[in-house]
Structure formats: C-alpha cells, structure tokens
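# Reading the structure
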Protein chains: 2
Amino acid sequence: MGFEFAPRTLSLLSHAETICAGRGVRLTDLRRQVLGLIVQSEAPTGAYELLDRLRATRHNAAPPTIYRTLDFLLENGLVHRLERLAAFVPCIAHDHPREQAHEPGCENPGHAAQFLICRRCKRVVEIADPALADALAEAAGRAGFTLGQTTIEAEGICAACDAAGK
Amino acid sequence: MGFEFAPRTLSLLSHAETICAGRGVRLTDLRRQVLGLIVQSEAPTGAYELLDRLRATRHNAAPPTIYRTLDFLLENGLVHRLERLAAFVPCIAHDHPREQAHEPGCENPGHAAQFLICRRCKRVVEIADPALADALAEAAGRAGFTLGQTTIEAEGICAACDAAGK
DNA sequence: GCCGCGTTGTTCCAATGTAGCATCCATGAC
DNA sequence: GTCATGGATGCTACATTGGAACAACGCGGC
Ligand SMILES: [Zn+2]
Ligand SMILES: [Zn+2]
Ligand SMILES: [Zn+2]
Ligand SMILES: [Zn+2]
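Residues numbered from 1 in each chain as written. Chains lettered and ligands numbered in written order. Predicted model: local features only at pLDDT ≥ 70, side-chain atom pairs only at ≥ 80, totals over all residues. Heavy atoms only, no water.

### Considerations on the coordination of the zinc ion (ligand 2)
Residues and elements named next belong to chain A. Here the zinc ion (ligand 2) is held by Cys-118 (SG), Cys-121 (SG), Cys-158 (SG) and Cys-161 (SG), and the distances to it run 2.2 to 2.4 Å. If you look at the zinc ion (ligand 2), its 4 donor atoms make angles of 106 to 113° with each other, and the shape they trace is tetrahedral. Donor residues for the zinc ion (ligand 2), ordered by position in the chain, follow C-x2-C-x36-C-x2-C. Given the relative accessible area of 1%, Cys-118 is considered buried. Owing to a relative accessible area of 24%, Cys-121 belongs among the partly exposed residues under this scheme. (Donors = N, O, S within 2.8 Å, 3.2 Å for Na, K, Ca; no water. Tetrahedral: all angles 85-135°; square planar, octahedral: opposite > 155°, others 65-115°. Buried < 20%, exposed > 50% of the residue type's maximum accessible area, 1.4 Å probe, protein only.)

Have a look at this one:
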C-alpha cells in the first residue's frame, strides 16, 4: 500500500529497500512506515512519539510494535539511537562519500558514527570522522581494550543557531 | 556519624571533601554515603540498585532521594553517568596526572572524560585522552558546531578478560 | 492444502526518572 | 536565645522508556 512521502524521504526509503534486499531481510509495510516517520522528523524522535504518530494509521500499535521495529531498523543500520536523548534518527551513511567499513568481528552492521546535537534547535548532524574513530581506537588500544561498539555524541550549538542567536 | 569504608574509598571521599569545601557546597552524610556506595562498587551501578543499598541504613529513602543526590554528585564532578548503561561510576580524575581544564563557558564542572566498558566483567576504565577530546572538538569545529558537553563511551573486552578468556 | 517460520497483535510488567509539596535543619541576623 | 531564611530531605504520586511472554496472522515452499 502506498503512503505519501516527500522526495528526500523517498530517496532514503528506496536506499533502505536496496540495503534490505542485499541483506535478505524484509522491509515490511510497518518497518517502511516507521522509517518514514523517523526520516520525516526534523529532530530526533522518541519511541513513544513515533508510536503516537504510527497510531494515526495503525490503530492497534503498542509499545512492542515500535520497539521491535526500531530493533530491526537498528540491526540493519537504517537508523541510529542517540543515547543522550533516548531518541532515534535516520542513518544518512549513504550521503557520506565512502561508507565506513567495519572492523571484522564486529557483530553490528551499523557503521561507526558520531553525532552533534544542537541544544537549541534540537537538530542532529551525523558525521563519520575516521580521525575521531581512530583516536578512540588508539586510546582503547593503549588501555589494552578490544573495541566493540562506540558511542560518540556531543551537545552544543549548531552553526545556524549560532549565527541566528545574536 | 561514621560509616565503615575501605582505604581507597576513604581516599576518594576525603578528596571529595576537599572539592566540596573549595566549591562552597555541603557534602552531607547522605551525599557522602551515596558516593561511598558508588566508589565501593566494582561495576557501574544503577540508581535503583544504589537506592536498595542505601535503604540498608536509611530506611525511608525514595527515588527522589537518590536522584537528587546523584544530581549533586554529577554537578560537582564527583561521579559520572554512563549513558549506555544508565549507571554511575566514581570520577577518578584526581588519579590522572593533570586534571583536564574545561574550555571557558562550559557550565558543567565535570571534566571531559571517556569510558571503556568491558562487556564481560562489566568494569569500566575512565580515561581522559586530550587527543580524543581534541579530535572531537576539531570535527565539531569543521561542522560549525560550538561544543558543549560530550559523551564518549566504548563497549568491548578489557585486557584482563581478554587474557583470561582462552 | 498444509506446514514452518518470520512478523505482528495483545497484555502485562520492569526499569528509569521527575513533579510538587511538606518538613526538617543548619546557619546567620538580631 | 530566638527567629527568619534557604538548602536539604521526606514523601506521594506519576511520567517515560523498554521488554517478556504468548497468541494470532500470513507469506513462503512443499
Ligand atoms: Zn549512519
Ligand atoms: Zn541549532
Ligand atoms: Zn572523571
Ligand atoms: Zn573485563
């Protein structure tokens, strides 16, 4: 069934179709719809806010509905979870020039990413800085640590808000 | 009133006294006791687990008791909160050779720190790597971002577990 | 058709965190 | 000493976030 989406949303959604096809997993209506809700949001969105919006079209959605769907999207690298906000943003890795490959043995398909969160407009910038990832890997190595998944998030003021804000 | 603490705990506690005296805030019995519980823990500890332990001696403690106390300890840089775990660890900044100064205008007294979390033994290593902090500051700068507080946490396997684990 | 398995529905519950207001108590002014 | 003040704590109730367990559905291959 068809839902109405903006061009950018459609682009990310079609990319998601490609990803899922390549991984042999099913991007169902529910999953596509939740991904669409996340992509359409200007700011990171909490699970229960997504649930509320989902209920506009899917009356019987419940917490497990949204959490299972989010798990799927996370496992397949289509969205990220911001730990500081307990909220979700779409992954825009395909906007990056070269998608960062994972070190072997890392179970999670999501790439290593970093996030800049504007405390004023609430918007988030996803970056994938190899220097940053390397610096963390090196610091971990010095501590004798075998690195798994990493969380790098910073809160601050984005360029637009900085310019606007006097 | 006196509680029984191990030497390491006493050392961190006396350091906390110094910090609070210098900042003109009061390290009350409750706050000292909660800090002691956190320091005594081998692994990061959740708020409700701290609350349970606190109730052994303070029967009428409730969620606000522990959260307000944790807020105080966080505001004064005596503990850290691990976002990935929703749990708390003592700050060991005074163990570092030089305590990292804050960039001016940063409201929070806590220093910039990074954490390595062992998924096997659950222990956490706090590091304060200037190269890592700088790399993030630089990446933020390139994105036109004015940096505030940062969260850098990595999950993995610590050296001890790596050696022990076959 | 029928089975098998992944997906979704449904109910209930666990864990984490906060608002609002009352009470207590340490401190300093008088 | 007394009293006023403001911070610290007690206390009730609630909000938010997340997950367990089991039933029902539905699309594949056979
Ligand atoms: Zn991404
Ligand atoms: Zn902004
Ligand atoms: Zn610290
Ligand atoms: Zn370990």
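Anyway, onward from the coordinates.
### Quick notes on the domain arrangement of chain A
Residues and elements named next belong to chain A. Split into domains, chain A comes out as domain 1 (1–93) and domain 2 (97–166). At the boundary of domain 1 with domain 2, total buried surface from both sides reaches about 1,300 Å², with 62% on carbon and sulfur atoms. There are 1 salt bridge connecting domain 1 and domain 2. Note that Arg-123 is salt-bridged to Glu-42, the shortest N-O span being 2.4 Å. Broken down by secondary-structure element, the contributors of at least two residues to the side of domain 1 that touches domain 2 are helix H4 (63–75), strand S1 (79–82) and strand S2 (87–90). Ranked by the residues each element gives to the side of domain 1 that touches domain 2, the list is headed by S1, at 3 residues. (Domains from an automatic or database assignment. Buried area = accessible area lost by both parts, 1.4 Å probe. Salt bridge = Lys/Arg side-chain N within 4 Å of Asp/Glu carboxyl O. Helix = DSSP H or I, 4+ residues; strand = E, 2+ residues; numbered from the N terminus.)

### A few points about the side chain of Thr-65 of chain B
All names here are of chain B. In this fold, Thr-65 is placed in helix H4 (residues 63–75). For Thr-65, a relative accessible area of 17% puts it in the buried group. Beyond its immediate chain neighbours, meaning those up to four positions away, Thr-65 contacts Leu-30 and Leu-54. (Contact = heavy atoms within 4.5 Å.)

### Digging into the interface of chain B and chain A
At the interface, 32 residues of chain B touch 32 residues of chain A. Contact between chain B and chain A buries roughly 2,700 Å² in total, counting both sides, with carbon and sulfur atoms accounting for 58%. On the chain B side of the interface with chain A, the three residues burying the most area are Leu-116, Phe-145 and Thr-151 of chain B, jointly 21% of the side's total. Where chain B meets chain A, there are 2 salt bridges. A salt bridge links Asp-129 of chain A to Arg-142 of chain B, with the nearest nitrogen and oxygen atoms 2.7 Å apart.

### So, the packing of aromatic side chains
Residues and elements named next belong to chain A. Evaluation of the coordinates by the stated rule reveals 2 aromatic pairs over all chains. Ring geometry for Tyr-48 and Tyr-67: centres 6.1 Å apart, planes at 65°, overall edge-to-face. In this pair, Tyr-48 is assigned in helix H3 (residues 47–55) and Tyr-67 in helix H4, connecting sequence segments 19 residues apart. Among the residues examined, Tyr-48 registers a relative accessible area of 48% and is labelled partly exposed. (Phe/Tyr/Trp six-rings, centres within 6.5 Å; stacked < 30°, edge-to-face > 60°.)

### Some thoughts on the coordination of the zinc ion (ligand 3)
Residues and elements named next belong to chain B. Coordination sphere of the zinc ion (ligand 3), protein contribution only: His-80 (NE2), Cys-91 (SG), His-111 (NE2) and Glu-126 (OE), at 1.8 to 2.3 Å. Taken together, the 4 donor atoms coordinating the zinc ion (ligand 3) span angles of 101 to 136° at the metal, a pattern that classifies the geometry as irregular. Within one chain, the residues serving as donors to the zinc ion (ligand 3) are arranged as H-x10-C-x19-H-x14-E. Separated by 20 residues along the polypeptide, Cys-91 in the loop between strand S2 (87–90) and strand S3 (114–118) and His-111 in the loop between S2 and S3 bring together distant segments of the chain. Here Cys-91 matches His-111 in class, with each residue buried.

### Quick word on the protein's contact with DNA strand D
The immediate surroundings of DNA strand D are formed by 18 residues, with Tyr-48 and Arg-81 of chain A together with Thr-28, Asn-60 and Arg-68 of chain B found nearest. Sugar and phosphate atoms represent 49% of those atoms of DNA strand D found within 4 Å of the protein. At a separation of 2.7 Å, a base nitrogen of DNA strand D approaches a polar side-chain atom of Arg-68 of chain B. Counting residues per element, the surface near DNA strand D draws most heavily on H4 of chain A, at 4 residues. Of the residues belonging to the surface near DNA strand D, the class tally is 9 nonpolar, 3 polar and 6 charged. (Near = heavy atom within 4 Å. Polar contact = N/O pair within 3.5 Å; in protein donor to acceptor, adjacent residues only side chain to side chain. Nonpolar A, V, L, I, M, F, W, Y, C, P; charged D, E, K, R; others polar.)

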